[in-house]
Amino acid sequence: MNKLKDIFTGRNTFAASLGLAAIILLFLAPRAAVNVDEQLHYPHAQKVVNWYFTGGADKTCLETPVTNLKYYGQSVDNFTALINRVFQIDNEFLTRHFTGAFFFWLLLLFAGLTGKQLTGSYYVSALIVVFMLATPRLFGQAFGNLKDIPFATGYLAAIFFMIKFVQELPQPRWTTAVWLGLAIAFTNSVRIGGLVLFGYLAIAMVLIILLKPFLLKQIFSTKSNFVRLSGQMLTVVLTGYFAGLVFWPFALQNVFVNPFESLRVMEHYKVSIRQVFEGEWLWSTQLPWYYLPKWLLIATPGFLLTGFAVFSGLFFFQLKTNRKQLFTELFLFFTLLFPVVYVMLIGANLYSGYRQMLFVVPVLVILAALGFYNLFTLLKNRFLFAGVSVALFIMVLIPVKHQVLTFPVDYVYFNQLSGGNKKAWANYEYDYYFHGVKEAAEDLIAQTGGNNIIVASNCNLSNYFEKLPNASFRYVRFLERSSEDWDYGIFGVNYIHPRLLKSGKWKSSQIVKTYYHHGNPIVVLMKRTDKSDFEGINLADSGNYPEATELLEKALKADENNVWLISYLAKISLKQNDFESFNRYLQQGRAVYPEYEPFFLLEAQQLFTNGKLNEAKTVLDKVLTINPYYNVAASMLNEVKKKLNDNK
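Bear in mind that the values here come from a model prediction, so they are computed numbers and not experimental data. (Residues numbered from 1 in each chain as written. Predicted model: local features only at pLDDT ≥ 70, side-chain atom pairs only at ≥ 80, totals over all residues. Heavy atoms only, no water.)

Asks: Any details on a nonpolar patch on the surface? Residues and values, ideally.
Replies: Taken together, the side chains of Tyr52, Phe53, Val86, Phe87, Ile89 and Leu252 define a hydrophobic patch exposed on the protein surface, amounting to about 550 Å² of accessible area. At the level of elements, helix 3 (38-53) and helix 4 (75-87) are the ones that each hand at least two residues to the nonpolar patch. Residue placement: isoleucine 89 occurs in the loop between helix 4 and helix 5 (92-119). Its relative accessible area of 31% is what places isoleucine 89 among the partly exposed residues. (Patch = residues over 30% accessible without salt bridge, like charges linked within 9 Å, V, L, I, M, F, W, Y side chains within 5 Å. Areas by Shrake-Rupley, 256 points an atom, 1.4 Å probe, with all protein chains shown as cover. Salt bridge = Lys/Arg side-chain N within 4 Å of Asp/Glu carboxyl O. Helix = DSSP H or I, 4+ residues; strand = E, 2+ residues; numbered from the N terminus. Buried < 20%, exposed > 50% of the residue type's maximum accessible area, 1.4 Å probe, protein only.)

Spelled out as structure tokens, the structure:
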């Protein structure tokens, strides 16, 4: 019995949990899916590396007017590009996924060590590791998300060393100060939002002095203490700021201006992305103020919400009586709530769930684990203790089961409070990273063999076909798929109006296989056996309307919900002044998809042609309410208004 106690010490249990996590991460990294952000940030990382290799001659990494990628530090992305270039690694994304796994493991390490700081127990550290692994929205992004996961790692590492630094006052160790500076530097190198950590350090210093006023006297009464601390603080600031800019070309152009310009851009990101939220299709700049807390509420596992609720209740109850852990718990609580409240107050442009705020989730995990730890210490009845333990085990098992069944799309998780994944589909953004495309791509490659094929997709994941000489890849929007030449299509069920999804009228007769996630369609594999639609559109664009109409009618009979074909037929009718056919096509199209913007534009064009300017303006105002970024309609509205003013 004593030998078992010696084996299963808290330290050994924590080490074992980290070892198990490493094995899981190493096993899953080669099986992970590539996400759409990787295909955006990795090519930019290659340009960044080339900027260094050419001594700054290649400036393409500084010219990103559309993507704004120059404003990202993305040091980990850049590091993987450097490794692949130096060692000429063929499987570049595998390097990225192992790198992501490594930084996630570091995140587990610092989360566990922070738990030890708070409780003095390594058993809590092990519990934190389990909780982190069982959080799908966190663990599910461990491999391909080389921005948010490393940023979370740096954020938590900085908090860990910050707590250690102030606890060592009035004479912090120099090693602590250096590690703190490096942790802040790394966080800034990923995203400049890490500058907030300097503010955290100032708040931590003020807070600890308020709780322990005698520290102020010890610092200032001894010259050596004051000089030492001043030097350490200067080291933290200089290291944390300047070392974070070393692998960031844009920042190096002006180290005192450009990082703050980047911060301004990131706080109010101008790129607006359409999102499904609460059953509506909104631009990210239109989302309500409660978007982030709502997502945290519906996409966080129940055991974390329960543990956090327990922690909060016990913390505020014991606030006046238990001063021993007051600083660390209060400070950690602040590092969770401040970012959430701040982005809500400034109206930050958030999208894709709480992905951009992923760095607060590990803090939530730590506090939830602390909540259960505090609860267990209060339970004196062994039956009650056993009951709570069993309940916790079952709560953890629910998301773990989800992860096992759905990898590599395991990050798409909704808790029981929200009604689960089944209810969330078409009500909230689902597989926004397009992880589900991996299985469809592998199936298609196995089916086609050596045949020459053109693959179309509504995402940028051409990586799955890059090593196939017989396959070419092109991007096309799902609803506009008929305008491109392709043989097979792999389309994520994304960027489709939720009401169209719920009606089922988004489906096409060309679908040969649908890929499901908890019973929800996330990807479809399509095969094109007839290209009448593509040929008809080309004829229509060249002005050959009779033949175009014949081919498009044929294609529409085979694919009756194809609103893009209907819009083309309506456009042809309008050009031929066949208003009867035009109105029939318009009615047919709106029976499928009432909110489809091209139908509004065509209707406005018909009204404008017939001199009904006020009616045209009403239609254009309506479509711009549906889609404020529909620039074609905005241009036409200006033309209509000009005409109305001329007629006055």
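After that view, the rundown keeps rolling.
Asks: So, empty space enclosed by the protein: which residues are in play, and what are the values?
Replies: One pass over the structure, following the stated rule, counts 4 cavities of 30 Å³ or more. What the largest cavity holds in volume is close to 90 Å³. Lining of the largest cavity is provided by Val276, Trp425, Ala426, Tyr428, Glu429, Tyr430, Asp431, Val493, Asn494, Tyr495, Ile496 and Leu501. (1 Å grid on protein atoms, 1.4 Å probe; cavity = no way out; pocket = protein on both sides within 12 Å on 5 of 7 lines; lining within 4 Å. Points joined across faces, edges and corners; volume = space filled by probe spheres on them.)

Asks: How would you explain the sheet that holds strand 6 (residues 511-517) if you had to name every residue and give the values?
Replies: With respect to topology, 5 strands assemble into an open sheet ordered 4-3-5-7-6, the strand pairing being mixed. Here the strands that pair on one side only, and so sit at the sheet edges, are strand 4 (471-475) and strand 6. When strand polarity is set aside, the average angle formed by the axes of neighbouring strands in this sheet is 20°. Summarising the sheet, strand 5 (residues 488-492) and strand 7 (residues 520-527) pair through 5 bridges and their orientation is antiparallel. In the sheet register, phenylalanine 491 faces strand 7, and the bridge partner there is valine 524. Helix 21 (residues 437-448) contacts strand 3 (453-457), strand 5, strand 6 and strand 7 of the sheet and is inclined by roughly 170° relative to strand 5. (Pairing = 2+ DSSP bridges. Axes fitted to C-alpha atoms, helices over the stretch in contact; angles between N-to-C directions. Contact = heavy atoms within 4.5 Å.)

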